[in-house]
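Structural characterization, general
Chain by chain, the residues run as shown.
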Amino acid sequence: MSGHSKWSTIKHKKGAADARRGKLFARLIRGIEAAARDGGADPDANPTLATAIQKAKDSSVPKDNIERALKRAAGREGGGVDYATVHYEGYGPGGVAIYVECLTDNRNRAANDVRAAFNKNGGSLAEPGAVNYLFHRTGVILVPVTAADEDDILVAGLDAGIADVVVEGDSYQITTDPADVNHVREALVSAGIAVDSSESTMLPSVNVPIGDESAARQVLRLVEALEDCDDVQNVYANFDIPDEVLEAVA
């Protein structure tokens, strides 16, 4: 698992402060609305929407909030917004590659906020194409190692689309094609295997090691500043920080 994925897992397990949790909920709801507008409001016919809804549920977004987002996207409730997907690329301290995904109704605001976050936290924006080739879209499912043996996971989910299973700390990281992530999750749950989370994410093909606490804090400060931008949906980075350093700066 990339360092950024480990960092996200640590934050998820520790729980977020109310203000940051509110931002997370808003981001997840925005992702549901955008997916529903692009591919229809029926999750059975729209895998991207199904993944967005499941990710929201994994983060404890209330059911009513999810249903209202679907109604807005379908035009049955006022307040819906047409979001455009915009990507920004850049570098953080230590040469870490950062790929930022925005859903926005104001491209100028999004660009200004992202640029300011980079500039104020030791990073720099780069030209389109500078780092996106380092990341590939992948379905990722996390299962507690206490929930099943690796053989049980493979038996339950191989036909559904499991590509690989590796142990990362106290979780199995199961990777799939993005289109198969929901099928694999359903197969695991049907087999009685508990699932912590599932999502379609961007994993790096090359990681940049960050070994000391000072550099780690700089990188994480930049990532969190980007995540705090109102229009930012996801931040992907290829840092690899050792577990003990991540725990120390958490």
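Computed from a predicted structure; not experimentally measured.

**Things to note about the overall build of the chain**
Within the chain, the regular secondary structure consists of nine helices and ten strands. For the chain, buried positions account for 47% of its 250 residues. Here the analysis covers contacts within the chain between residues at least 6 apart in sequence; of these, 72% occur between residues at least 24 apart. Counting every atom, the chain has about 11,900 Å² of accessible surface; 46% of that belongs to carbon and sulfur.

**Details of the pattern of salt bridges**
Throughout the structure, instances matching the rule amount to eight salt bridges. One salt bridge connects K55 with E199, and the closest N-O pair in it is separated by 3.0 Å. Residue K55 is located in helix α3 (residues 47–58), and its partner E199 is located in strand β7 (residues 197–204); the two are separated by 144 residues in the primary sequence. Overall, the relative accessible area of 26% leaves K55 in the partly exposed class. Residues joined by salt bridges that share partners form a network here, namely D105, R109 and D231.

**Some points on the pairing of strand β9 (residues 232–237)**
Extensive coverage of β9 is indicated by the burial of six of its six residues. As judged from the five bridges shared by strand β2 (residues 97–104) and β9, these two strands associate in the antiparallel manner. Bridged to E101 within β9 is N234.

**What to know about the sheet that holds β7**
Within the open sheet, the four strands sit side by side as β5-β6-β4-β7. Their pairing is antiparallel. The open sheet has two free edges, formed respectively by β5 (162–168) and β7, since each of these has just one partner strand. In this sheet, neighbouring strand axes are inclined to one another by 35° on average, regardless of whether the strands run parallel or antiparallel. In the sheet, strand β4 (residues 135–144) pairs with β7 via eight bridges, with the strands oriented antiparallel.

**Describing the sheet that holds β2**
With antiparallel pairing, the four strands of this open sheet are ordered in space as β3-β1-β2-β9. Edge positions in the open sheet fall to β3 (124–126) and β9, since each of these has one partner strand only. On average, adjacent strands in this sheet sit at an angle of 30° to one another, irrespective of strand direction.

**Brief notes about unusual backbone geometry**
Unlike most non-glycine residues, S60 shows phi in positive territory, near 70°. With respect to the helices and strands, the residue S60 is situated in the loop between α3 and α4 (63–73).

Reading the values: the criteria
Residues numbered from 1 in each chain as written. Predicted model: local features only at pLDDT ≥ 70, side-chain atom pairs only at ≥ 80, totals over all residues. Heavy atoms only, no water. Helix = DSSP H or I, 4+ residues; strand = E, 2+ residues; numbered from the N terminus. Buried < 20%, exposed > 50% of the residue type's maximum accessible area, 1.4 Å probe, protein only. Contact = heavy atoms within 4.5 Å. Areas by Shrake-Rupley, 256 points an atom, 1.4 Å probe, with all protein chains shown as cover. Salt bridge = Lys/Arg side-chain N within 4 Å of Asp/Glu carboxyl O. Pairing = 2+ DSSP bridges. Axes fitted to C-alpha atoms, helices over the stretch in contact; angles between N-to-C directions.

Everything listed is a geometric property; what it means functionally is a separate question.
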